[in-house]
Amino acid sequence: MDPQQTSLQRLHNVEKRIVRVLELAGSVMDELASSTGPRADFLAVHCREFMQSIKEIQTTLREEIKSACEYRPFEKCDYSARISNEICSKKLEYIIEQLDDIKESIN
């Protein structure tokens, strides 16, 4: 994975490679349908490029998915801690009210 490229650029390159793979598949199909019969050298070159491109696409997508899963924009945010504290505070207020009610009913 090239650190100089952004994730969006890498995905754009993958898109271009997918288009190239489809072109390769189409040219192989045309060659197979040729009335003179398929040329083995043509098929070998195109199939090799097809397989190499597929491997590169898989590798890049795997790395991008892994990178996206590791990205945590709110990891350093204190939102969950603040909400948790607020909930605890409300629970304590409720308990204090209940204890006050119990105290009054005893007296």
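Values in this document were obtained by computation on a predicted structure and should not be read as measured data.

1. Re the overall build of the chain
- Regarding its fold elements, the chain presents 3 helices and 0 strands.
- What you see in the chain, going N to C, is helices and strands ordered as α-α-α.
- Here the C-alpha atoms of the chain give a radius of gyration of 31 Å, more than 25% beyond the 13 Å that 2.2 N^0.38 yields for 107 residues.
- Taking all 107 residues of the chain together, the buried fraction comes to 13%.

2. Things to note about the environment of R20
- Along the chain, the position of R20 falls in helix α1 (residues 7–32).
- Residue R20 is classed as partly exposed on the basis of its relative accessible area, which comes to 33%.
- Engagement of the side chain of R20 in a polar contact is seen with the side chain of E49, the distance being 3.0 Å.

3. Overview of the side chain of H46
- The topology assignment puts H46 in helix α2 (residues 40–70).
- Judged by relative accessible area, H46 falls into the buried class, the value being 15%.
- Among the polar contacts listed, one links the side chain of H46 to the backbone oxygen of F42, at a separation of 3.0 Å.
- Excluding anything up to four places from it in sequence, H46 contacts L24, S27 and V28.

4. A few points about the domain arrangement of the chain
- What the domain assignment reports for the chain is domain 1 (1–71) and domain 2 (74–106).
- Averaged C-alpha coordinates put domain 1 and domain 2 at centres separated by 57 Å.

5. Details of α2
- In this model, α2 (31 residues) spans 45 Å end to end at C-alpha, consistent with the 45 Å of a helix rising 1.5 Å per residue.
- Looking at α2, one finds that the buried residues are F42, L43, H46, S53, I57, T60 and E64.

6. Some thoughts on a nonpolar patch on the surface
- Judged by side-chain polarity, L92, Y94, I95, L99, I102 and I106 come together as a nonpolar surface patch covering roughly 650 Å² of accessible area.
- Relative to the elements of secondary structure, I102 occurs in helix α3 (residues 79–106).

7. Observations regarding the environment of S80
- Mapping S80 onto the fold places it in helix α3.
- Note: C-alpha distance between S80 and R39 (41 residues apart in sequence) is 64 Å.

8. Focus on the side chain of R10
- Looking at the secondary structure, you find R10 in helix α1.
- Looking at R10, its side chain comes within polar contact range of the side chain of E64, at 2.5 Å.

9. What about the pattern of salt bridges?
- As enumerated under the stated definition, the model contains 5 salt bridges in all.
- In this structure, R10 and E64 form a salt bridge, with 2.5 Å as the shortest nitrogen-oxygen distance. Taken together, the residues span a long stretch of sequence, with R10 in helix α1 and E64 in helix α2 at a distance of 54 residues. Each member of the pair, R10 as well as E64, is classed as buried.
- Overlapping salt bridges bring together R20, E23 and E49 as one network.

What counts as what
- Residues numbered from 1 in each chain as written.
- Predicted model: local features only at pLDDT ≥ 70, side-chain atom pairs only at ≥ 80, totals over all residues.
- Heavy atoms only, no water.
- Helix = DSSP H or I, 4+ residues; strand = E, 2+ residues; numbered from the N terminus.
- Rg over C-alpha atoms; globule rule 2.2 N^0.38 Å.
- Buried < 20%, exposed > 50% of the residue type's maximum accessible area, 1.4 Å probe, protein only.
- Polar contact = N/O pair within 3.5 Å; in protein donor to acceptor, adjacent residues only side chain to side chain.
- Contact = heavy atoms within 4.5 Å.
- Domains from an automatic or database assignment.
- Expected span 1.5 Å × (residues − 1).
- Patch = residues over 30% accessible without salt bridge, like charges linked within 9 Å, V, L, I, M, F, W, Y side chains within 5 Å.
- Areas by Shrake-Rupley, 256 points an atom, 1.4 Å probe, with all protein chains shown as cover.
- Salt bridge = Lys/Arg side-chain N within 4 Å of Asp/Glu carboxyl O.

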